[in-house]
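# What the coordinates show
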Amino acid sequence: MQIHDLPYPDPGLPDARSGPRFLLWLGRNQLGGQLKSLCWGLLHFLSVASLPYGVGFAVQAVVEGSGSRLALAGGLILLLGAALALGDTMLHRTAVTNWITAAARVQQLLARRTAALGAALTRRVAAGEVVAVSTGDVEKIGWFVEALSRFAAAALTVVVVCVGLVIYQPALGIVVAVGMPVLALAVLPLLPRATRRADQQREKAGRATELASDTVAGLRVLRGIGGEELFLDRYRRASQEVRSAAVRSARMWSLISAVQVLLPGLLLIAVVWYGIELARQGRITVGELVTVYSAVMILNYPLRHFEEIAMAYSFSRPSAQRAARVLSLERVTEPGGLRAAEAPAGDLYDPVTGLLAPAGRLTAVVCGDPDLAGRLADRLGGHPTEGDTGTGSGAGTGGGSGAGTGSGSDSRSGTGAGSASGSDSDSESDSGSGSGSGPGKPTTPVTALPSVLLGGVPLDELPLDTARTAVLVQDKDPVLLSGTLAELLDVPSSGSVRPEEALAAAQCADVLDALSQASLDDDPMNARITERGRSLSGGQRQRLALARSLVTDPEALVLDEPTSAVDSHTEARIAEGLRALRSGRTTVVLTSSPLLLDRADRVVLVHEGTVAAVGEHRELVLTEPRYRAVVTRETDEEAASAAPSRNAGTSLRAEPGIGDAGIEELTEIEETA
C-alpha cells in the first residue's frame, strides 16, 4: 500500500483484545511495507558497518605502501558510500510510508467504529479519550510501526557485524561479541520504571486537557457566575502536575540515554586497550585494530535504535490500549441487520415502556426524569439499549444523551442526518480497560432489551443505514460543526422539505438576519458557522439543529426538548410550524413545555419507565396529578392546597360557560409558566 492509494478499501478486522495484540495485528497487516523497509534498512546499516573495513584496508595499504590496494580501498569506500546514501533514502521513504499507512488504517478503523456506535460512543468512552485516540495516539502507534523495521534492521546488523568481527579478528571479535548483548540489554531494567513515569505523565496530561476543554466549553457560564478564577486555578494546579510528571519522566529517559553513551564508551576503551596490547605483541596488524575500533564506534549508531524502539513501544502501548478499547466496543445488534434494506412505515412502538406513537401524528411524551427521557429517545432511534434486568424502568444503564445527532459531517456519511442512538450501557467488551487513562471499570451482567418497532418491524433487525434513515433522533444537545449554513442543511433527505421551509418552521428568521450581516454577499446560506455554533446563542443553535432535522424528513422524527432554550413566544410559533410541516408524518417530542404539549395530537406520560397515562394535554392537567406535577412544577404542598378548588372547578364544568372559562384561565397560567 502506497500513500497515494489511501484510503484502504477495507482496513480489516482488528484484534482489539489488548494493546500489544492490536500492535501485533497492525504489524502483520503492514508486513509488505515492513519487509521493504527491513531490506533497505539492512542495506543502509550494513553499508555503515562495512565502512570500518574499508578504512582499515586503506590504512593497512598505506602502512605497506601498496598503491593498488589503496585504490581498491578507495573504490570500496566509494561504493559503500553510494549504497549507504541509497539505503538511507529508501529506508526513510518506506519507513514514513509505513507510519502514514498504519496511522491511516487506525483512523479508518476508528471512523468505522464511531459511525457504527453513533451517539452511544461518547457515553461508553469519555469524549476526551476519543479525541486523544484519533489524534495523538494514532501518531504514536504509527511511530512504533515505523520504528519496528528500523530496529529489526539494526538488530540484524549488530549480529552480522559481531559474527564478522569474530571471523575477521577472533581475539578482539570475541570481546565485541560478548559486550554488544550487554550494551543492548543493559537498559531493560530501567524501561519498566520509565514506562510507568511516561504513563503517569500522559494520564495527568489527559486530565489537564479534559479540564481545559470543559473550561473553554463552559466559559460563558463560568463568567456568568464568576467562576473563571476557580477553574483557572484548577488548571494551573493540573498543569504544574503535568510539568512535574514530565520532568520525572525526562530524568529517567535521560538516564537511559546516558547508559547507552557510557557503556559503549567503556567497551571502546576496553577494545582499544586490549587491541594495543595485541598489536604490541604482533598478533594483529594496525589495520585490523583500526577496523575493529571503527566497527565498535559505528555500532553505536544501530544501537541507538534499541533506545528508539523502547521509547516507541513505551509510548505506543497505552495508545494502542486506548485504541483497542474503542475498537472493542460492540453494538447490541449487527450493523448489517437481518432484513432487507427497505425502510418500514407505520406506528412507532416501544415494548419496554409501552409507548405508542401513531403513524402520521404528533405525539408528545412527558417524563419526570430528564435522563429517562434521553434514554427513551435513544431507544426510539431504533437500537435497543442494554439494561439490567433487575431495574424497574428497563430503560438502560447509560448516562445522558450523547453529542447530538445530525452533525454536519454526519450528513455526508450516508448514514442519515445524524447518528442514530445505539446502546447506552456502560458495559464494555474490554473490561480490563477503563475510561481515559484511569483504571478499568467493573462490568455487570446486562440483558439486551427488546427493540422498538416501526410498522411492526423491529428496527434492530434492519441494516444500520436503513434504521437511521427511518427514525431520526435529535437529542437535547445537538452539535453544529463549522461550515456554511448551506453545508449544514445539505443532509440526506427525502427532498420533500426544502431548507427554506424547514428554517421557517423552526423560526430561524432572526438567525438568518444575523448570518446575513456576517456574510460577504448578504446571503445567509453562504455565511459560515463557527465550530459548535459558538457564535450563536443557545436558542439559535437549537433552532438551526431543528431545521436540519426537519430537512431530512424521516419517516419518524424524535425530538428531545427541541425548544428548551427559546422564549415562550418563539416556542409557540415553533410548535405551530412543526405541526404544520410534519403533518402526515410520525413525530415524537419529549418535552414538558405546555405550549408544545397543548398542540400535540396525543400526550403520553411515562412514569418510572412505563406509560402511566395517555390523553390530551388539558385533560391530563386536570385529571392526572403526576402529569400536572411535571408540567406545572407543582409541589406536593401546592397540590394539596389546590385540590379542593380543583375539584370544585371540575364539578362546575358541567354548567354552561363555567368549564370553558376555567380551561381558558388554566391555559393562561400554563403559557405564563
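Use the structure listed above.
Residues numbered from 1 in each chain as written. Predicted model: local features only at pLDDT ≥ 70, side-chain atom pairs only at ≥ 80, totals over all residues. Heavy atoms only, no water.

### Some details on the overall build of the protein chain
Rule in force here: The secondary structure listing takes helices from DSSP runs of H or I that are at least 4 residues long and strands from runs of E that are at least 2 residues long, numbered from the N terminus. Exposure is judged per residue with a 1.4 Å probe applied to protein chains only, and the accessible area is read against the type maximum: over 50% gives exposed, under 20% gives buried, and values in between give partly exposed. All accessible areas in this document rest on Shrake-Rupley with a 1.4 Å probe, and a residue is counted as covered only by the protein chains that are shown.
The secondary structure content of the protein chain amounts to 22 helices and 14 strands. Across the 673 residues of the protein chain, 48% fall into the buried class. A total of about 30,500 Å² of accessible surface is found on the protein chain, and carbon and sulfur atoms cover 59% of it.

### A few points about helix α15 (residues 509–518)
Cut-off, in case you're wondering: For this quantity, the arc is that covered by the directions from the helix axis to the C-beta atoms. Note on contacts: a residue pair is in contact if any heavy atoms of the two residues lie within 4.5 Å.
Residues V511, L515 and S516 constitute the buried set of α15. For α15, the arc enclosing every buried residue in end-on projection is 140°, short of the 170-degree limit, so these residues lie on one face. Facing away from the buried side of α15, by more than 90 degrees, are the exposed residues A509 and Q517. Where the residues of α15 are buried, they touch α13 (485–488) and α16 (538–552).

### Description of the packing of aromatic side chains
Quick reminder of the rule: By convention, a stacked pair of Phe, Tyr or Trp rings (six-membered ring in the case of Trp) has centres within 6.5 Å and planes under 30 degrees apart, an edge-to-face pair has planes over 60 apart, and any other such pair is tilted.
Taken as a whole and judged by the stated rule, the model has eight aromatic pairs. Centre to centre, the rings of W143 and F315 are 6.2 Å apart; their planes meet at 45°, and the pair counts as tilted. Taken together, the residues span a long stretch of sequence, with W143 in helix α5 (residues 127–168) and F315 in helix α10 (residues 286–328) at a distance of 172 residues. Following the ring pairs from residue to residue traces out a cluster consisting of Y53, F57 and Y168.

### Section: helix α20 (residues 625–632)
Considered for burial, the residues of α20 that qualify are Y627, R628 and V631. The buried residues of α20 occupy one face: seen down the axis, they fall within an arc of 95°.

### Section: the pattern of salt bridges
A side chain with one charge can pair with a side chain of the opposite charge if their charged atoms come near. Inclusion rule: A side-chain nitrogen of Lys or Arg and a carboxyl oxygen of Asp or Glu constitute a salt bridge if their distance falls within 4 Å.
Following the criterion strictly, the structure yields 22 salt bridges and no others. The partner of R317 in a salt bridge is D199, and the shortest N-O contact between them spans 3.0 Å. Of this pair, R317 sits in helix α10 while D199 sits in helix α7 (residues 191–217), and the two are 118 residues apart along the sequence. Taking the relative accessible area as the measure of exposure, R317 reaches 26% and is therefore partly exposed. Look at D199 and you get partly exposed, because its relative accessible area is 24%. Shared partners join several salt bridges into a network, and the residues in it are D553, E555, R582 and R585.

### What to know about the sheet that holds strand β11 (residues 556–560)
Convention followed: Two strands pair under a simple rule: DSSP has to find at least two bridges between them. Between the N-to-C directions of two axes lies an angle of 0 to 180 degrees, each axis being a line fitted to C-alpha atoms and, for a helix, fitted only over the stretch in contact.
What the six strands build is an open sheet, ordered β8-β11-β12-β3-β13-β14; its pairing is mixed. The open sheet is flanked by β8 (471–474) and β14 (610–615), the only strands paired with a single partner. Ignoring strand direction, the axes of neighbouring strands in this sheet form an average angle of 20°. Looking at chain direction, strand β13 (residues 602–607) and β14 are connected through five bridges and run antiparallel. Each bridged residue has a counterpart across the sheet, and for V603 the counterpart in β14 is G615. Across the sheet, helix α11 (residues 370–380) touches β3 (362–367), β8, β11, β12 (586–590) and β13, and the angle it forms with β11 is around 165°. Seen against the sheet, α16 touches β8 and β11 and runs at an angle of roughly 180° to β8.

### Digging into the sheet that holds strand β6 (residues 453–454)
Ordered in space as β2-β1-β6-β7, the four strands form an open sheet in which the pairing is antiparallel. The open sheet is flanked by β2 (355–357) and β7 (457–458), the only strands paired with a single partner. Summarising the sheet, β6 and β7 pair through two bridges and their orientation is antiparallel. Within β7, the position partnered with L454 by the bridge is V457. Sitting on the sheet, α11 touches β1 (348–350) and β2, and the angle it makes with β1 is about 125°.

### Focus on the packing of helix α3 (residues 67–117) against α10
The line we're drawing: Two helices crossing with the near one rotated counterclockwise from the far one by less than a right angle form a left-handed crossing, whereas a clockwise rotation gives a right-handed crossing. Basically, the charged four are Asp, Glu, Lys and Arg, the nonpolar ten are Ala, Val, Leu, Ile, Met, Phe, Trp, Tyr, Cys and Pro, and anything else, Gly included, counts as polar.
Here α3 crosses α10 at 35°, and the two axes come no closer than 9 Å. Viewed along their axes, α3 and α10 form a crossing whose handedness is left-handed. On the side of α3, the interface is formed by L109, L110 and R113, while α10 contributes A323, V326 and L327. Counted by class, the contact of α3 with α10 contains five nonpolar, no polar and one charged residues.

### So, the environment of L596
Of note, L596 is situated in helix α18 (residues 594–598). Sequence separation of L596 and L578 is 18 residues, and the distance between their C-alpha atoms is 9.6 Å.

### Some points on unusual backbone geometry
With omega at 0°, the peptide bond leading from L6 into P7 counts as cis. Position of P7 relative to the elements: it lies in the segment before α1 (19–29). Unlike most non-glycine residues, E561 shows phi in positive territory, near 50°. Tracing the backbone shows E561 in the loop between β11 and α17 (568–581). Residue classification places E561 among the partly exposed positions, given a relative accessible area of 22%. Backbone geometry at E608 places phi at a positive 55°, although glycine is not the residue there. Within the fold, E608 resides in the loop between β13 and β14.

### Topic: the environment of L348
By the secondary structure assignment, L348 is in strand β1. Residue classification places L348 among the buried positions, given a relative accessible area of 1%. Put simply, L348 and V471 are 123 residues apart on the chain and 9.3 Å apart in space, counted from C-alpha to C-alpha. In contact with L348, not counting residues within four places along its chain, are L355, L356, A357, L380, V452, L453, L454, V471, A556, V558, T586 and V588.

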